[in-house]
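# Structural overview
Here is what each chain is made of, one letter per residue.
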Amino acid sequence: MAIDSVLNYAIVEQKTYEWLVDFLLKGFEAIGFERGLNHIAEQNKLSELCVNTDRKQSLERRMEMIKKLAIGKKSPDFTTKDISGDEINLYNINSEKTILIFWASWCPHCTEVLPVLKEYYERESREKLEVIAVSIDEYESDLMNYLKDNPYEWINIAEFKGWDGPTAVKYDVHATPTIFVLDKDKNIVAKPTNKAGIKKVLDN
């Protein structure tokens, strides 16, 4: 009701409405408020705005991605190579649960989350849990130096194109870490934003 109320006031002026939608999306993404994101994606009135601005087009694309990547949806498949050159296909991963995490060596929040994941990964079999870590580092030296000091034996992927890497684009990644928890059929079952969220999901 609060979201609808404030957006209904803002719809009278297009720039204000666009700014407010963008502001709410960024805020809800930062705190992992999935219900708020999905509500805006389903109930926004961007189509009623008269001027087809660049920001309007950008917001409309984001709305489609939010709906596409919502909890309960099938995760987008991808095929790429890991850092050893082996081909990885998401749908070919046979595990009861798959954690797909987008991260970077320079991200302080990632360095908090990855050790937590490692604890669970090392105590579970690959039939129970697999982790696919997609680095958005641009420089191979940065990633390899980090992994040398912090070895992770799960599937490590790096396309070295930053935010424009094909896999990151497919998952609409704008921040790190971005985490998707997938079931055995590769449906999105959770999108935790921090180590506490990951622990809660994996403990359950």
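Our subject is the structure that appears above.
Below is a short write-up of the structure. Predicted model only: the values in this text are computed from it and were never measured. Each chain carries its own residue numbering, running from 1 in the direction its sequence is written. Where local features are concerned, this predicted model is filtered to residues with pLDDT of at least 70; where side-chain atom pairs are given and counted, the filter is 80 or more; whole-chain, interface and lining totals use all residues. Heavy atoms throughout the structure, all of them, feed into the side-chain values; hydrogens and water do not.

## Looking at empty space enclosed by the protein
Which entries qualify depends on this criterion: Both site types are read off a 1 Å grid over the protein atoms alone. A 1.4 Å probe that fits but cannot get out defines a cavity, while an open set with protein on both sides within 12 Å along at least five of seven lines defines a pocket; lining residues have an atom within 4 Å of a point. Grid points are joined across faces, edges and corners, and a volume is the space filled by probe spheres set on the points. The residue classification treats Ala, Val, Leu, Ile, Met, Phe, Trp, Tyr, Cys and Pro as nonpolar and Asp, Glu, Lys and Arg as charged. All others, Gly included, are polar.
By the definition in use, this model includes one cavity of 30 Å³ or more. The computed volume of the largest cavity comes to approximately 30 Å³. Residue lining of the largest cavity: Val134, Ser135, Ile136, Glu159, Phe160, Lys161, Gly162, Gly165 and Ala168, and that is the complete set. For the lining of the largest cavity, the residue count by class is four nonpolar, three polar and two charged.

## What about helix 6 (residues 140-149)?
What counts is decided by this rule: Each residue is assigned to one of three classes by its accessible area relative to the maximum for its type, calculated with a 1.4 Å probe on protein chains only: buried under 20%, partly exposed between the two thresholds, exposed over 50%. By the criteria applied, helices consist of DSSP H or I runs no shorter than four residues and strands consist of E runs no shorter than two, each listed in order from the N terminus. Here, the arc refers to the directions that run from the helix axis to the C-beta atoms. By the convention used here, residues are in contact when the closest approach between their heavy atoms is within 4.5 Å.
All of the buried residues in helix 6 are Leu143, Tyr146 and Leu147. Taken end-on, helix 6 shows its buried residues confined to a sector of 95°, consistent with a single buried face. Turned more than 90 degrees from where helix 6 packs its buried face, Lys148 and Asp149 sit exposed. Turning to helix 6, the residues buried within the fold contact strand 3 (97-103), helix 5 (108-123), strand 4 (129-135) and strand 5 (155-158).

## A few points about the nonpolar core
As a reminder of what qualifies: Only buried residues count toward a nonpolar core. Its members are Ala, Val, Leu, Ile, Met, Phe, Trp, Tyr and Cys residues joined through side-chain atoms within 4.5 Å.
Among the nonpolar cores identified, the biggest contains 45 residues, and Ile101, Trp103, Ile132 and Tyr171 are the most heavily contacted of them. Secondary-structure elements contributing two or more residues to this core are strand 3, helix 5, strand 4, helix 6, strand 5, strand 6 (178-183), strand 7 (188-190) and helix 8 (195-203). Of the residues forming this core, the biggest block, seven residues, is contributed by helix 5. Setting aside its immediate chain neighbours within four residues, Ile132 contacts Phe78, Leu90, Ile93, Thr98, Ile99, Leu100, Ile101, Ile155 and Ile157. Ranked by size, the runner-up nonpolar core spans 17 residues in total, among them Tyr17, Leu24, Ala41 and Leu46.

## Notes on the sheet that holds strand 3
To keep it simple, the criterion reads: Note on pairing: two strands pair once DSSP finds at least 2 bridges between them. Axis geometry follows a simple rule: fit a line to the C-alpha atoms, using only the stretch in contact for helices, then measure angles between N-to-C directions, giving values from 0 to 180 degrees.
Strand order across the open sheet formed by five strands is 5-4-3-6-7, with mixed pairing between neighbours. This sheet does not close on itself; its edge strands, each paired only once, are strand 5 and strand 7. Within the sheet, the average angular offset between the axes of one strand and its neighbour, ignoring direction, is 30°. Summarising the sheet, strand 3 and strand 6 pair through six bridges and their orientation is antiparallel. Each residue of the ladder has a partner; that of Ile99, found in strand 6, is Val181. Seen against the sheet, helix 5 touches strand 3, strand 4 and strand 6 and runs at an angle of roughly 160° to strand 3. Strand contacts of helix 8: strand 3, strand 4, strand 6 and strand 7, with the helix running at about 170° to strand 3, the strand carrying the most contacts.

## Some thoughts on unusual backbone geometry
That bond from Thr176 to Pro177 is cis: its omega, -5°, falls within 30 degrees of zero. Looking at where Pro177 falls in the secondary structure, it is placed in the loop between helix 7 (166-170) and strand 6. The backbone of Asp172 sits at a positive phi, close to 50°, despite the residue not being glycine. Along the chain, Asp172 turns up in the loop between helix 7 and strand 6. A positive phi angle is found at Lys186, which is not glycine, with a value near 70°. On the secondary structure map, Lys186 appears in the loop between strand 6 and strand 7. Take Lys186: its relative accessible area is 2%, and that puts it in the buried class.

## Digging into the layout of surface pockets
Estimated volume of the largest pocket: approximately 810 Å³. Forming the boundary of the largest pocket are 31 residues, of which Glu29, Ala30, Gly32, Thr178 and Thr193 lie nearest the centre. At the level of elements, helix 2 (14-31), helix 3 (34-43), helix 4 (54-68), strand 6 and helix 8 are the ones that each hand at least two residues to the lining of the largest pocket. Here the element with the most residues in the lining of the largest pocket is helix 2; it accounts for six residues.

Purely spatial values, then, with no claim about function.
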